[in-house]
Structures are given as structure tokens and as C-alpha cells.
Amino acid sequence: MNNKKIDLPQFTILVILITIGDSILVLPAIPAAIAKQDAWLSAILGLLIGLFVVYLLGTVGKLYPHLTLVEYNEKILGKWPGIFVSILFIFYPLLSVAAHVREIGDFTTTHIMTNTPVLMVNLLFVVIIVMGARLGIEVIARSGEIFFFFFTILFVVFIIALVPLIDLKNVQPILEGGIKPVINGAFTVVAFPFMELVVFLMVLPYVNHQRKIRKSFLIGSLCGGLVLVIIISFTILILGYDLTQRSFYPTFALAKVIRIGDFLERIEVILAVMWILTTYYKITFYFYILNVALAQIVRIKEYKVLLYPMGMIVTVLSIVISPNAAYFNNTISKYWPFYDSTFSVFLPLLLLIVAFIRKNGKIGYNQEKSNTDH
């Protein structure tokens, strides 16, 4: 992978697409269930905290800018502890890919292809994920530039069509339940879009202009986060928190209420295209990271030999990971944020602390040795 490089604008767009990901469709229901009509405040607070998480990830990436997360796990923690932590880490993208593929299958068989078995939908989607991951990070990033343009147009049209439907009464009274529900709701907003960006630590060495990576990382996550803040706010403003929290796919329900005159309605296809587009890039990127990380752990030079067996594993895991959509959504909303924080907050903090101790220890040792020799 040493000859694979992407530019900063491509990196920023990739961060935006993956920050939005599947969250554009499913996220509004979670803070709405916790913070009620104040979910929009949770979204704003979550964005601000999420930027600190991204800053932390960027700081870790600057420790060894020419190494991936798997490589500097071993460098900072030592060979065997580093390998152990890296093995735990690869389960994160593995479970994430399986969960998101299942999400695609559940949505498709519920709203689009109702008579199609979820296994077939998952299998077909995994096939195009494997195709994308096989082409590599350069192709993923370059195609992201192209489709980001179409996503932006669709998003602007979608928002403009929703503006006349806003009802400010749906967000009143503000802070009726106090600040605690807002903070609890913000935790989920931080976890799903922002903590999941930890996988970018695997590709930072392959981005040009290393000194500006953290800035681009923050800009990309900010832009993606603003999109999610707008989506969460509009679902509350138009649907109200009760309908939002009771819907598996609140943004899709939001798209169904759009009616312009007597000729333009049922344009939820716009939302479906945006969601499938961002979710595909998120899953493909995660799947690519999964195989690259595993290849580096087992010392395989070419990650592509792992794609097909890993694709089969993901297909099966996407079925057994959850018995139904209700169980999936309930489990994800309650427990996944804690899983996210393990690898996105505690692991980076551990690496920073150990790297700081080792660096100061070496400095102290060198100074003591110098004084002894003198």
C-alpha cells in the first residue's frame, strides 16, 4: 500500500460521506427517544463534543504519521500487547460492516423489495462492497469526489422541499426535562457519527500533506456533523419527537410528507438514494480497513487475498447478528455507543499516555546516561 496516495480534498470528502453514513436515516430516532423535543439541542452538543473526539484521533495520528494504527500499536505498546490490541480492534470494523449490511437488508426488504429474502439482499450488497474494496483506497476516494457532488444537490433539494413544513411548536417547550436528557442524547450523537471515525487512523499514512491532515479531518467531520444536525432538527420540527422516536427510519418518514402543489410528492426516493450512497461508502471503507488491518497483523503483503473469505464471513454474520429489525435497533441504540467509545476514546488515550511515558522515560534515561558519562 505504500504507493497508494490520496489528496487532502479527497480525504475530507471521504470523512464527510462516512460521518453521514447510515446516520442520516436512523440516527434521529435515538436522541428523540432520550431528549424528546430537545433532540436538536442534543445534536448540536453532540457535534461540539464529537469535534473534540476527532481532534483526539488526529492527535494520535500525528504521533507516527507514516504508520497505521495497527503498526503503531506494536510500536507504542510493544509487539505482543500491540498485536493483542490490534486483534481486538479488527472486530470493530467486522461487526460494524455486518451490522450495516443487515441494516441495508432490513430497510430494503421492509420498504422496497418486500418479497425478497434479506439474505439475498445482503449477499448482493456484499458483492459490490468486495468489488469496491478490491479497487483500493485511491478509487474509493476518487469516486467519492464524483458522488459527493450528486449527494450535495439531492440534499439541498430535499431540505428546500421540507422548509415549508416546519412547525416551531414541535420544539416547545425548550428544556422541559432539564439539561440531563440533552446530555444523554448528545452521547449517542457523538458515538454513532464521530467515534466511528477511528478507522481513519488506518489510512492517514496514505494521505498527502501530512501536516494538514488533522485540519482536514476536523473540517470533514464538521461538515458531515452539520448535515446530521439539520436532519435531526428537521425531523423534530416537522414530525415531532413522538413520531420520530417511534419510527425505525424517521428520515424516510419525513420524506414521505413532502408535497409540493399537486404534482410533486412521494419523493422519498431522494432520501433513499442519499442514504444508500453514503452507507455504501461507509461500509466499503470499513471493509477495506478490516482487510488491510488483518493483513498487517498476520504479515500478508497483499490484503486482496482476504477479501472473498471475509465477504463470506460478513454475509453470514449479517444474518446471525440480529433476529429482526426491532432487536437490532434497540440493541444498537443502547449498547453500541459504549463499544464505540472503547476504541475511539479509551484506546487513543491509552496510546497517548503510553507514548508520553515512554518518550519521557527515554529522555530521562538518556540524560542520566549523559551525566554518568560526564
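Residues numbered from 1 in each chain as written. Predicted model: local features only at pLDDT ≥ 70, side-chain atom pairs only at ≥ 80, totals over all residues. Heavy atoms only, no water.

### Overview of the confidence of the model for the chain
Inference 1: Residues of the chain with pLDDT of at least 70 account for 94%, and the chain-wide mean is 86.
Inference 2: Within the chain, strand S2 (residues 264–265) has the poorest average pLDDT of any element, 62, and helix H1 (residues 8–20) the best, 93.
Inference 3: In the predicted structure, residues 363–374 sits below a pLDDT of 50 and forms zero contacts with residues beyond four places in sequence or in another chain. (pLDDT = per-residue confidence, 0-100. Helix = DSSP H or I, 4+ residues; strand = E, 2+ residues; numbered from the N terminus. Contact = heavy atoms within 4.5 Å.)

### Observations concerning the side chain of histidine 100
Inference 1: Considering the arrangement of structural elements, one finds histidine 100 in helix H6 (residues 79–112).
Inference 2: Its relative accessible area of 7% is what places histidine 100 among the buried residues.
Inference 3: One polar contact links the side chain of histidine 100 to the main-chain carbonyl oxygen of serine 96, over a distance of 2.6 Å.
Inference 4: Excluding residues that lie within four positions of it along the chain, histidine 100 makes contacts with Asp22, Lys282 and Ile283. (Buried < 20%, exposed > 50% of the residue type's maximum accessible area, 1.4 Å probe, protein only. Polar contact = N/O pair within 3.5 Å; in protein donor to acceptor, adjacent residues only side chain to side chain.)

### Considerations on helix H10 (residues 213–239)
Inference 1: If you check H10, its first and last C-alpha atoms are 39 Å apart, about what 27 residues at 1.5 Å a residue would give, namely 39 Å.
Inference 2: Taking burial as the measure, the 27 residues of H10 include 19 buried ones, the bulk of the element.
Inference 3: After H10 finishes, the residue glycine 240 shows a positive phi value of roughly 85°. (Expected span 1.5 Å × (residues − 1).)

### Observations regarding the pattern of salt bridges
Inference 1: For the structure on display, the rule yields five salt bridges.
Inference 2: We note a salt bridge from aspartate 22 to lysine 282, for which the minimum N-O separation is 3.1 Å. Placement of the pair is aspartate 22 in the loop between H1 and helix H2 (23–26) and lysine 282 in helix H13 (residues 268–297), with a sequence separation of 260 residues.
Inference 3: The class of aspartate 22 is buried, set by a relative accessible area of 7%.
Inference 4: A relative accessible area of 1% places lysine 282 in the buried class.
Inference 5: The partner of glutamate 74 in a salt bridge is arginine 299, and the shortest N-O contact between them spans 2.9 Å. Residue glutamate 74 is located in helix H5 (residues 69–77), and its partner arginine 299 is located in the loop between H13 and helix H14 (307–320); the two are separated by 225 residues in the primary sequence. (Salt bridge = Lys/Arg side-chain N within 4 Å of Asp/Glu carboxyl O.)

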